[in-house]
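# Notes for the structure review
If you want the building blocks of each chain, they are given just below.
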Amino acid sequence: MATKKKPARKRPQRPQRRLPESLRLRSVAASFTVNDLPKSIAWYRDVLGFTLGERWEEAGRLRGIQLKAGGCDIMLNQDDFAKGRDRRKGEGCRERGSPVHDSSAIAARVRATCRQIVRGPSETPWSVRAFSLTDPDGFKIPVIQK
């Protein structure tokens, strides 16, 4: 008995891309230069819950590390202090996180571990739950849950 072949389905026409094309990325990651790499690794791992990824060593010394949370990465690099030990970090820089889980539970863990919450958690005027914290080097991290 012969089987009937289904007609090929037409693909919808893709709109023509504008030229020049806009930037299209597969991912983006923040990279922070920190004063004390082991301390920062511990903070991102133990306080926020990042997992460890690739490690970068130079002459047997840890120089940097990739930290992962879902599909997001943060790279931490040890400052070589070539620009001075008193160089301020985190000025004018904010890295926003949008968690999958309850942001209030994350805020409670942060508050219990290190008390570095700057604001919140609270409901914002634009109807999202948010809190803001600062890492050991002064990098500001707003956490926003839609």
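Further up the page is the structure itself.
This text gives an overview of the structure that appears in the document. Along each chain, residues carry numbers from 1 onward, in the same order as the chain's sequence is written. A pLDDT threshold of at least 70 governs which residues receive local features in this predicted model, and a stricter bar of 80 or more applies before side-chain atom pairs are shown or counted, although totals over entire chains, interfaces and linings include all residues. Based on all heavy atoms of the structure, the side-chain values leave hydrogens and waters out of the count.

## Some words on the nonpolar core
- Among the buried residues, those of types Ala, Val, Leu, Ile, Met, Phe, Trp, Tyr and Cys that are joined through side-chain atoms within 4.5 Å form a nonpolar core. Per-residue accessibility, obtained with a 1.4 Å probe over protein chains only, is compared with the maximum for each type, and a residue is labelled buried under 20%, exposed over 50%, and partly exposed between these values. Membership of the largest hydrophobic core comes to 22 residues, with the highest contact counts inside it found for Phe32, Trp43, Tyr44, Leu48, Leu76, Leu133 and Ile141.
- Numbered from the N terminus, helices here are DSSP runs of H or I no shorter than four residues, and strands are runs of E no shorter than two. Per-element accounting of this core gives the leading share, 6 residues, to helix 1 (residues 37-48).
- Note on contacts: a residue pair is in contact if any heavy atoms of the two residues lie within 4.5 Å. Apart from residues no more than four positions distant in its own chain, Leu48 is found in contact with Trp43, Arg109, Val110, Leu133 and Ile141.

## Focus on the side chain of Ser40
- Mapped onto the elements, Ser40 comes out in helix 1.
- Overall, the relative accessible area of 1% leaves Ser40 in the buried class.
- Side-chain atoms alone can form a polar contact between residues adjacent in sequence; in general such a contact is a pair of N or O atoms within 3.5 Å, and within protein one must be able to donate a hydrogen while the other accepts it. Only 3.2 Å separates the side chain of Ser40 from the side chain of Asp137, close enough to count as a polar contact.
- Not counting residues within four places of it along the chain, the set of residues in contact with Ser40 comprises Val34, Leu76 and Asp137.

## Here's the deal with the pairing of strand 6 (residues 129-134)
- Within strand 6, 5 of the 6 residues are buried, leaving the element largely enclosed by the surrounding structure.
- Being paired, for any two strands, means DSSP has found at least two bridges between them. Here strand 6 folds back onto strand 7 (residues 140-145), and the loop between the two strands holds 5 residues, one of which, Gly138, carries a positive phi near 95°.

## Description of the pairing of strand 3 (residues 61-69)
- With 6 bridges connecting them, strand 2 (residues 51-58) and strand 3 associate as antiparallel partners. For Trp56, the partnering residue across the bridge sits in strand 3 and is Gly64.
- With antiparallel pairing between neighbouring strands as the criterion, strand 2 and strand 3 make up a hairpin whose turn holds 2 residues, including Ala59 at a positive phi of roughly 55°.
- With 6 bridges connecting them, strand 3 and strand 4 (residues 72-78) associate as antiparallel partners. Looking at strand 4, one finds that Gln66 is bridged to Met75.
- Linking two consecutive strands that pair antiparallel, namely strand 3 and strand 4, is a turn of 2 residues; a positive phi of about 60° is found at Gly70 within it.

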